[in-house]
Every structure is written in C-alpha cells, then in structure tokens.
Amino acid sequence: MASHIVGYPRMGPKRELKFALESFWDGKSSAEDLEKVATDLRASIWKQMADAGIKYIPSNTFSYYDQVLDTTAMLGAVPERYSWTGGEIGFSTYFSMARGNATVPAMEMTKWFDTNYHFIVPELGPNTKFSYSSHKAVNEYKEAKALGVDTVPVLVGPVSYLLLSKPAKGVEKSFALLSLLSSILPVYKEVIAELKAAGATWIQFDEPTLVLDLDSHQLAAFSAAYTELESALSGLNVLIETYFADIPAESYKTLTSLNSVTAYGFDLIRGSKTLDLVKSAGFPSGKYLFAGVVDGRNIWADDLAASLTTLESLEAIVGKDKLVVSTSCSLMHTAVDLVNETKLDSEIKSWLAFAAQKVVEVNALAKALAGQKDEAYFAANAAAQASRRSSPRVTNEEVQKAAAALRGSDHRRATNVSARLDAQQKKLNLPVLPTTTIGSFPQTVELRRVRREYKAKKISEDEY
C-alpha cells in the first residue's frame with residue numbers, strides 16, 4: 001500500500017525562508033544566500049518524507065512566493081510593464097511581479113479558493129507571448145534525484161491556470177481566457193519532455209478548479225487539454241489532483257474519462273460527498289485513487305480509526321494495489337512541526353498534528369492497509385481522540401444545554417434596525433464614518449523596540 005503527500009510547507013520549521021527572503025529584499029544578503037537557504041529546506045523536506053516511508057514524494061511544491069506565480073514564470077507570461085526582455089526569469093523580474101518595484105506596481109493578489117493563502121493572479125490577453133522561461137520544475141526534480149529521492153514533479157494544471165487568470169489591463173473583460181489553451185500547451189509539452197528525459201515516471205497536475213461549478217465549455221477544455229498532451233505524456237503516470245471541496249458529478253465524469261490520466265486525487269475531508277460519488281458512479285478499472293483522508297488544512301491529529309474505515313471501503317471498490325493514502329490537499333496550509341511547540345502541555349499536544357506529524361499519519365495508514373498496523377501508534381491516537389472529545393477544555397455541558405434549548409425565535413432580534421441604531425448612537429456617539437483596523441497596527445520602529453523589550457522582560461505588561 002502506497003502513500004503520497006500533495007504538497008508541503010515551504011517556509012521552514014523555524015520560518016527560515018521568511019527570514020531569508022526579508023534579508024534579501026532588504027539588501028542584507030545575496031541571491032546566493034537566499035538560494036542556499038531554499039536548497040537546504042528542500043533537501044530536508046524530501047529527506048523527511050523519504051525517511052517516513054512516503055512513496056510518492058512531491059517536488060516543485062517549494063516556492064519563493066507562490067506556485068501560480070511560478071507557473072507564470074514557467075510560461076514567460078510577464079506583463080509588459082516589468083520590461084522583461086526574455087531568457088530565464090530571475091529574482092528581479094519574479095519579485096517585481098510579486099511585490100512591485102520603485103517604478104511599477106505588483107500584480108494583483110487574491111485568495112487561493114477559501115483558504116488564507118493568496119496567489120498572484122496572471123494577467124493575460126490575446127497578445128500575450130508564451131515561452132519556456134523558468135526551468136524550476138525540472139531543476140528541482142533533478143536536485144531531489146541527485147540526493148537519491150525520486151519525486152513526483154507537481155505543476156499547476158493548464159486549465160486551472162487559465163481559469164484562475166484575469167484579462168490584462170486594456171483587454172476586454174469578456175476575453176475568453178481559455179482561448180489561450182493552445183498557446184500554453186506547447187510550453188507544458190517542453191516541460192514534460194525535459195522531466196521525462198531527466199527520469200521522471202510520475203507527474204502531478206493540480207487542477208483544483210474541477211471542484212467548482214463549471215459549465216460545459218470549461219469542462220470541455222479539460223478534455224481538450226489532456227487529449228492534446230496525451231502523446232507528450234506517453235510513458236508517464238499522470239495524477240490529476242483536486243482539493244478543497246466535492247467534485248461535482250459532471251466534473252467527475254469528465255475527469256475519469258481522460259485517457260492520458262493514470263490517477264485521480266480527491267479531497268475526502270471537505271469533499272465528503274465525493275466518496276459517495278466514487279461508490280455510486282463507479283471508478284475506472286485499472287486507475288489509481290489517491291485518497292485524501294488526512295486533513296491538510298487544520299492542526300488536529302487525524303482520527304486514524306475513522307480514516308482506516310474509509311480506506312477499507314474504497315479498497316473494496318478500487319483494489320488494494322490501486323489505492324494510495326494521501327493528504328486532502330497540500331500541507332502548506334498547516335503549521336510545520338509540532339516538535340517546536342515546547343510550551344504546550346502534554347494533553348493539548350496529544351491532540352495535535354502539524355505537517356511533519358501528518359506525513360507520519362499518512363504512512364501509518366498505508367502500512368495498516370498493507371497489514372502492518374502499528375497497534376501502539378493507533379492506540380495512542382484513539383486515546384488522544386477520546387481525550388479531546390471528553391475534555392472540559394473543549395466540551396462544556398452548560399453550553400451544549402443552552403445551544404440545545406435555543407428556539408427559532410432566539411435567532412431573530414426583538415427590535416428593528418432603526419431602534420438599534422438609535423440606541424447605538426446614544427451609547428457610542430460615533431462619527432458618520434467610524435473607522436477601525438482589521439487587526440494589526442502598522443509595525444513602526446517604536447512598536448518593534450517596545451515588543452523586543454517586553455519579550456526580554458525589560459518592561460512590564462502594563463508598560464507594554
């Protein structure tokens with residue numbers, strides 16, 4: 001029984017990449033210094049997963065900023081305002097797109113689906129020229145291979161890339177972004193060819209837009225894209241990964257009909273209905289199911305017994321040799337390693353699992369399915385699950401009773417809005433346009449100084 005990780009945090013267990021980036025941006029360190037930190041982080045991540053027993057280890061999930069921006073660089077889709085003249089895209093152009101510079105603003109940033117992660121939105125139009133301009137995916141695959149780790153290179157899929165883009169400034173809002181599919185696929189073919197030449201046997205395309213409500217034209221783009229890539233992908237095992245929600249029935253039908261695809265990855269945490277879809281609609285014979293049963297978006301330990309039950313039900317449909325245990329999505333949405341949390345008490349710590357611990361959970365489930373269940377590990381997990389369910393820290397009988405006693409009328413206010421506005425104004429005497437911060441105040445030099453003094457216990461909490 002095999003195991004897989006969709007992606008992994010790139011900041012480092014002690015935020016090494018964050019500090020290296022800030023130092024580089026402030027001009028305090030060189031590009032070589034930044035690259036050294038990144039290289040060391042990637043090596044430690046790959047080694048950690050390999051040591052844990054993960055079979056399908058991802059590469060190219062590391063990023064200096066954002067994986068969608070990395071794809072923009074790979075495609076050479078640099079907006080004209082950055083005055084890029086071609087060639088391999090370096091830090092100057094890359095970070096100018098991400099952060100802007102002294103003369104031009106950054107590209108737009110927006111939320112990555114419903115997570116707290118953000119991505120840089122590609123700006124495309126009918127005159128956008130695409131060219132293979134960042135060899136990052138291939139370079140990182142080779143880097144891992146040189147360390148003795150055979151990885152699964154991960155690319156943002158071509159259709160999701162276009163669906164997540166926007167028309168560039170001056171381009172009609174109605175411009176059909178999917179019309180650019182035939183223009184970007186030649187670059188994808190170049191990347192695939194280089195990965196094959198480097199020895200890759202698997203490739204992962206992240207196509208998370210498949211969980212959205214897509215129309216027939218958008219679904220047809222998936223069929224067209226992977227049909228066009230079919231010859232380039234020949235000889236490779238192809239995984240299409242989805243996450244963050246249930247995959248709709250029509251999207252499931254489109255995805256599972258793609259001839260060039262070997263495996264399908266589903267989020268079975270937030271996509272609980274997908275499990276029913278696999279059972280009712282059937283699963284293609286001879287294909288792999290990468291079952292995302294370990295939650296990649298929270299910090300709680302997995303309920304291993306419940307996950308094992310889910311996996312056993314899938315095993316009966318897919319077959320033991322075609323079922324792969326995976327995370328629900330990339331682990332970049334959770335904290336890195338629980339070992340660094342030295343101030344937590346033992347009870348709370350037993351309830352938690354950060355990225356490093358979730359890697360172990362995934363492999364433990366895979367081994368259990370293969371008949372090598374670690375009884376002590378599963379027993380400790382069951383005890384922690386029971387502890388959390390019954391602990392007064394998270395279970396308050398008075399609150400439960402109060403919630404159960406609520407009536408429909410309790411959800412409606414007894415006064416109308418005008419009366420509440422009058423009462424509010426008498427109480428608070430607000431100006432016409434009251435303002436507040438969302439949460440954080442600007443980080444001034446003075447505030448940073450005071451914070452350092454407080455942490456060093458040079459001033460009291462009242463003074464702070």
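Residues numbered from 1 in each chain as written. Predicted model: local features only at pLDDT ≥ 70, side-chain atom pairs only at ≥ 80, totals over all residues. Heavy atoms only, no water.

Engineer: Describe the overall build of the chain, and please don't skip the residues or the numbers.
Structural biologist: When its secondary structure is counted, the chain shows 18 helices and twelve strands. Its C-alpha atoms give the chain a radius of gyration of 25 Å, near enough to 23 Å, the size a compact globule of 464 residues would have. Seen through its C-alpha atoms, the chain measures out along the principal axes to roughly 70 × 60 × 50 Å. Here the chain holds 464 residues, and 47% of them are scored as buried. Summarising the internal contacts of the chain: among those between residues at least 6 apart in sequence, 76% fall at separations of at least 24. Total accessible area computed for the chain in this model is approximately 23,600 Å², and 52% of it derives from carbon and sulfur atoms. (Helix = DSSP H or I, 4+ residues; strand = E, 2+ residues; numbered from the N terminus. Rg over C-alpha atoms; globule rule 2.2 N^0.38 Å. Buried < 20%, exposed > 50% of the residue type's maximum accessible area, 1.4 Å probe, protein only. Contact = heavy atoms within 4.5 Å. Areas by Shrake-Rupley, 256 points an atom, 1.4 Å probe, with all protein chains shown as cover.)

Engineer: Any details on the environment of Lys136? Residues and values, ideally.
Structural biologist: Relative to the elements of secondary structure, Lys136 occurs in helix H5 (residues 136-146). Taking C-alpha positions, Lys136 is 21 Å from Glu22, a pair spaced 114 residues apart along the chain. Discounting residues that sit within four places of it in the chain, Lys136 has contacts with Asn60, Phe62, Ser63 and Asp70. At 2.6 Å, the side chain of Lys136 forms a polar contact with the backbone oxygen of Phe62. (Polar contact = N/O pair within 3.5 Å; in protein donor to acceptor, adjacent residues only side chain to side chain.)

Engineer: Any details on the side chain of Thr61? Residues and values, ideally.
Structural biologist: Considering the arrangement of structural elements, one finds Thr61 in the loop between strand S2 (57-59) and helix H3 (67-75). By relative accessible area, Thr61 is classed as buried at 15%.

Engineer: Could you give an account of the UniProt feature "domain: Cobalamin-independent methionine synthase MetE N-terminal" (unreviewed entry) in the chain, with specific residues and numbers?
Structural biologist: The UniProt feature table records "domain: Cobalamin-independent methionine synthase MetE N-terminal" (unreviewed entry) at residues 3-317. When the span residues 3-317 is considered, its composition is 42% helix and 13% strand, and the gap between its end C-alpha atoms is 18 Å. (UniProt positions renumbered as here; feature names shortened; annotations may be inferred.)

Engineer: Explain the pairing of strand S11 (residues 288-294) residue by residue, including any values.
Structural biologist: With seven of its seven residues buried, S11 lies for the most part within the structure. Pairing analysis gives five bridges linking strand S10 (residues 263-267) to S11, with the strands arranged parallel. Among the inter-strand pairings, Phe266 is bridged to a residue of S11, identified as Ala291. A crossover connection joins S10 to the parallel S11 through helix H11 (residues 272-281); in handedness this β-α-β unit is right-handed. (Pairing = 2+ DSSP bridges. Right-handed = clockwise from strand over helix to strand, strands pointing away.)

Engineer: Describe in detail the packing of aromatic side chains, supporting the description with residues and values.
Structural biologist: Counted by the stated rule, this structure contains 22 aromatic pairs. Ring centres of Tyr56 and Phe290 lie 5.4 Å apart, and the angle between their planes is 50°; on these two criteria the pair is classed as tilted. With Tyr56 in the loop between helix H2 (31-52) and S2 and Phe290 in strand S11, the pair connects residues that are 234 residues apart, well separated along the chain. Assessed through its relative accessible area of 1%, Phe290 is described here as buried. Judged by centre distance (5.5 Å) and plane angle (75°), the ring pair of Phe205 and Tyr226 falls under edge-to-face. Of this pair, Phe205 sits in strand S8 (residues 202-206) while Tyr226 is found in helix H8 (residues 216-228), placing the two residues 21 residues apart along the sequence. A relative accessible area of 0% means that Phe205 is categorised as buried. Through a chain of ring-to-ring contacts, the aromatic side chains of Phe24, Trp25, Phe62, Tyr64, Tyr65, Phe91, Tyr94 and Phe95 assemble into a single cluster. Positioned above the aromatic ring of Phe62, the side-chain terminus of Arg42 is 4.9 Å from the ring centre. Geometry around Trp25 places Arg99 over its ring, the cationic atom sitting 3.8 Å from the centre. (Phe/Tyr/Trp six-rings, centres within 6.5 Å; stacked < 30°, edge-to-face > 60°. Lys NZ or Arg CZ within 6 Å of the ring centre and 35° of its normal.)

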